[in-house]
Amino acid sequence: MKKKVWIGLLAAALCLALCLPAALGETRQGVIAREGQEEVIEETLFESPLGFSFWYANEWLEAEFGEENNIDGVVVRTIYSDDFMVFSMISEEDAAEYTEDFEKNITELAADGRVQMDVYRELDEGRYYFLTLIAEKGRYFRAVGEYAEEAAEGNGRFFERVLDSVTFTPGCLLSAEWGLDEEDRVQVTLTALEPVTDAKLLKLDWDGVDVTWEEAAPLGDMGAQQAVTVTMEFVGDLPNNGVLYTDAAGETHAFALDISGEDGRLFFWELED
């Protein structure tokens, strides 16, 4: 089997996501209530290749990949102050640990649909510090941020609107998390976010922008949240591992398993026709 993958276009798209000004993104109008008044705002859509998207008020906020307070991710900053949020995807294990002292942890609540909850929101010396989690169907998102107390009805409202708009983007129905190192190989845990059938590991072979593959190992049928740990070897600059599966609609999908240059997290991207 052979498919063309436009690596150059993918790299260019990622660069554009990092570099283009907000005004060039998809926009919409919205209404926000702050300081007792309703205000019409223009919002820009930010789509992250790490698996989520959100809308932000582009006259007040800016969004880009970066780092803030030693946290890597998508940084949403206010234009006129030092207030910020940092967004990232996290593992189910991390999400469960954050909420282990709650009456129900987020992994249980997310089984019934989208869940958004504050782990903490504390006022300290005139600034609010917060950590918010969002979860749905086995995917987990974290927002860490802070804003000034006097900005609670301003920037705080803008931040709340951004978080309310966070959506997990369609993608691979398997998630991947790092496991234990085994010399020149490493364990990877694959978890099905929804039921899949006839899942297989793939070995990818590149010739420029063309990729061919062969089946490396069968995984079989996997139910929602079913996990399997496999051993892989990561070689070269282009991904050499992938997965193939059939979804509930009977459609077959092939994905490359890649490593994020931002934070080293594993992620999948689809092999297009």
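Residues numbered from 1 in each chain as written. Predicted model: local features only at pLDDT ≥ 70, side-chain atom pairs only at ≥ 80, totals over all residues. Heavy atoms only, no water.

## Some points on the overall build of the chain
Here's step 1: On a plain count of helices and strands, the chain comes out with four helices and 19 strands.
Here's step 2: Going through the 273 residues of the chain one by one, you find that 44% of them count as buried.
Here's step 3: Once local pairs closer than 6 in sequence are excluded, the contacts in the chain between residues at least 24 apart make up 50%.
Here's step 4: Split by element, the accessible area of the chain, about 14,500 Å² in all, is 46% carbon and sulfur. (Helix = DSSP H or I, 4+ residues; strand = E, 2+ residues; numbered from the N terminus. Buried < 20%, exposed > 50% of the residue type's maximum accessible area, 1.4 Å probe, protein only. Contact = heavy atoms within 4.5 Å. Areas by Shrake-Rupley, 256 points an atom, 1.4 Å probe, with all protein chains shown as cover.)

## Details of the side chain of Glu43
Here's step 1: Tracing the backbone through its elements, the reader meets Glu43 in strand S3 (residues 37–48).
Here's step 2: A polar side-chain atom of Glu43 sits 2.6 Å from a polar atom in the side chain of Arg161.
Here's step 3: Not counting residues up to four positions away in its chain, the partners in contact with Glu43 are Glu26, Thr27, Arg28, Gly30, Trp55, Tyr56, Ala57, Asn58 and Arg161. (Polar contact = N/O pair within 3.5 Å; in protein donor to acceptor, adjacent residues only side chain to side chain.)

## What about the sheet that holds strand S4 (residues 52–57)?
Here's step 1: Spatial ordering of the open sheet is given by S2-S3-S4-S11, a layout of four strands whose pairing is antiparallel. Single-partner strands in this sheet number two, and they are strand S2 (27–34) and strand S11 (167–168).
Here's step 2: Sheet contacts for helix H4 (residues 155–164): S2, S3 and S4; angle to S2, the most-contacted strand, approximately 130 degrees. (Pairing = 2+ DSSP bridges. Axes fitted to C-alpha atoms, helices over the stretch in contact; angles between N-to-C directions.)

## Brief notes about the pattern of salt bridges
Here's step 1: What the rule picks out here adds up to 13 salt bridges.
Here's step 2: Put simply, Asp118 and Arg121 hold a salt bridge, and the shortest N to O gap is 3.0 Å.
Here's step 3: Here Arg265 and Glu177 are joined by a salt bridge, their closest N and O atoms 4.0 Å apart. Here Arg265 is found in the loop between strand S18 (252–259) and strand S19 (266–270), whereas its partner Glu177 is found in strand S12 (residues 174–182), with 88 residues between them in sequence.
Here's step 4: For Arg265, a relative accessible area of 23% puts it in the partly exposed group.
Here's step 5: Here Glu177 falls in the partly exposed class, since its relative accessible area comes to 28%.
Here's step 6: Here the salt bridges share partners, and the residues they tie into one network are Arg28, Glu43 and Arg161. (Salt bridge = Lys/Arg side-chain N within 4 Å of Asp/Glu carboxyl O.)

## A closer look at the confidence of the model for the chain
Interpretation of the predicted coordinates at a detailed level should be avoided for regions scoring low in pLDDT.
Here's step 1: This prediction gives the chain a mean pLDDT of 87; 90% of its residues lie at or above 70.
Here's step 2: With pLDDT under 50 throughout, residues 1–23 is counted as low confidence; its partners more than four residues away or in other chains account for 33 contacts. (pLDDT = per-residue confidence, 0-100.)

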